[in-house]
Amino acid sequence: MYNKRTNNLSFHKNKDIYYITFPSFDASKLVRHCFTTRLGGVSKDSYQSLNLGFNTTDDEKNVNKNYELLCEAVGINHENLIFTNQIHETSIKIIREDDLTKYNMNNRIKDTDGLVTNLPNVALITLYADCVPLFFLDTKKKVAGLAHAGWRGTVKKIALKMIEVFINDFDSNPNDILAAIGPSIGKCCFEVDSPVAEEFNKAFKNTNKIVYSKANNKFMINLWEANKEALLEGGLLASNITVTDLCTKCHKDIFFSYRGDKGQTGRLAAVMELI
Ligand SMILES: [Zn+2]
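Residues numbered from 1 in each chain as written. Predicted model: local features only at pLDDT ≥ 70, side-chain atom pairs only at ≥ 80, totals over all residues. Heavy atoms only, no water.

### Here's the deal with the coordination of the zinc ion
Expected angles at a metal are 109.5 degrees for tetrahedral coordination by four donors and either 90 or 180 degrees for octahedral coordination by six donors. The coordination sphere of the zinc ion, as far as protein atoms go, consists of Cys188 (SG), Cys189 (SG), Cys247 (SG) and Cys250 (SG), spread over 2.2 to 2.3 Å. Around the zinc ion, the four donor atoms are arranged such that angles at the metal cover 104 to 116°; this shape is classified as tetrahedral. Mapping the donors of the zinc ion onto the primary sequence yields the spacing C-C-x57-C-x2-C. Of this pair, Cys189 sits in the loop between strand 10 (177–181) and strand 11 (191–193) while Cys247 sits in the loop between strand 14 (241–243) and strand 15 (268–274), and the two are 58 residues apart along the sequence. (Donors = N, O, S within 2.8 Å, 3.2 Å for Na, K, Ca; no water. Tetrahedral: all angles 85-135°; square planar, octahedral: opposite > 155°, others 65-115°. Helix = DSSP H or I, 4+ residues; strand = E, 2+ residues; numbered from the N terminus.)

So this is what it looks like as structure tokens:
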């Protein structure tokens, strides 16, 4: 049923867990990856049901169970997950061999919104409720990355900074990098005041596709176009960029939405590991 909602994403159901993948990443056969929905977990009420967030009032036992269910559905070893505490900044951490014993679910990497690795069987994970999930994969050098781009991370161009890490630390050629911009709050629902709109006007060139003026000095922002512009600025080929067409606030039946649920809501996850 969900396939009808989009042409850019693939929906999968394994047992009760629904999750999304990007066809270009699937075709590479280099990664296991997903963006989760809220369907198939054990959490209740506002967190119904696949809540993967830690800093909420949801019972931790439920969150742990949700991780088990997700990992089983996607085929990722629970112990491979590497977590961060996200702060809406642009700090990016490269996961090296000696990090693997340091970080886990209870010991998360501090103050980090981007993760990159070339190690197989290391499952990068970032969490979302309306912010933009960004997926990266260098298919030649076999390097994977995830970034959490809220409006602040989008304006500060974490998308571009991720590409710079690929180039500087892994010798990537931007032509070899696939990117995907996943479900988040869309321009249909992301209304901001003029100081925020002004930040976008300053940071981006094609603002006619990014900032839409409304009555009462309010503006609608297209975070997907803004991140796409940053990816193109980083040298990615337009044909290598998948852009979602699903707004998390418009599809509250399948996604958690911070704005849609007025702050009391669960968290969705982007997960990716090199095989
Ligand atoms: Zn919407």
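Now that the structure has been shown, we can carry on.
### Focus on the sheet that holds strand 3 (residues 31–36)
Spatially, the six strands line up as an open sheet ordered 1-2-3-15-7-4, and their pairing is mixed. Looking at which strands have only one partner, the edges of the open sheet turn out to be strand 1 (10–14) and strand 4 (81–82). Pairing analysis gives two bridges linking strand 4 to strand 7 (residues 123–128), with the strands arranged parallel. Bridging from a neighbouring strand, Ile82 pairs with Leu124 of strand 7. (Pairing = 2+ DSSP bridges.)

### Considering unusual backbone geometry
Residue Ser49 follows Gln48 across a cis peptide bond; omega there is -5°. Here Ser49 lies in the loop between strand 3 and helix 2 (60–74). Unlike most non-glycine residues, Asn217 shows phi in positive territory, near 60°. With respect to the helices and strands, Asn217 occurs in the loop between strand 12 (211–213) and strand 13 (218–221). Phi at Lys262 is positive, roughly 50°, even though this residue is not glycine. Residue position: Lys262 is located in the loop between strand 14 and strand 15. Of the residues examined, Lys262 reaches a relative accessible area of 75% and is grouped as exposed. (Buried < 20%, exposed > 50% of the residue type's maximum accessible area, 1.4 Å probe, protein only.)

### Some words on the packing of helix 4 (residues 158–170) against helix 6 (residues 223–233)
Direction vectors running N to C along helix 4 and helix 6 enclose 30°, while the axes themselves pass 7 Å from each other. It follows that helix 4 is roughly parallel to helix 6 by the angle criterion. By crossing handedness, the relation of helix 4 to helix 6 is classed as right-handed. Side by side, helix 4 and helix 6 meet where Ala159, Leu160 and Ile163 of the first sit next to Asn227, Ala230, Leu231 and Glu233 of the second. Residues of the contact of helix 4 with helix 6, tallied by class, amount to five nonpolar, one polar and one charged. (Axes fitted to C-alpha atoms, helices over the stretch in contact; angles between N-to-C directions. Parallel < 35°, antiparallel > 145°, perpendicular 65-115°, else oblique. Left-handed = near helix turned anticlockwise from the far one by under 90°. Contact = heavy atoms within 4.5 Å. Nonpolar A, V, L, I, M, F, W, Y, C, P; charged D, E, K, R; others polar.)

### Examining the packing of aromatic side chains
Summed over all chains, the structure comprises 11 aromatic pairs. Measuring from centroid to centroid gives 6.2 Å for Phe35 and Phe255, while their planes differ by 50°, and the two rings are tilted. With Phe35 in strand 3 and Phe255 in the loop between strand 14 and strand 15, this pair connects stretches of sequence that are 220 residues apart. The class of Phe35 is buried, set by a relative accessible area of 0%. (Phe/Tyr/Trp six-rings, centres within 6.5 Å; stacked < 30°, edge-to-face > 60°.)

Bear in mind that shape data such as this cannot, by itself, settle questions of function.
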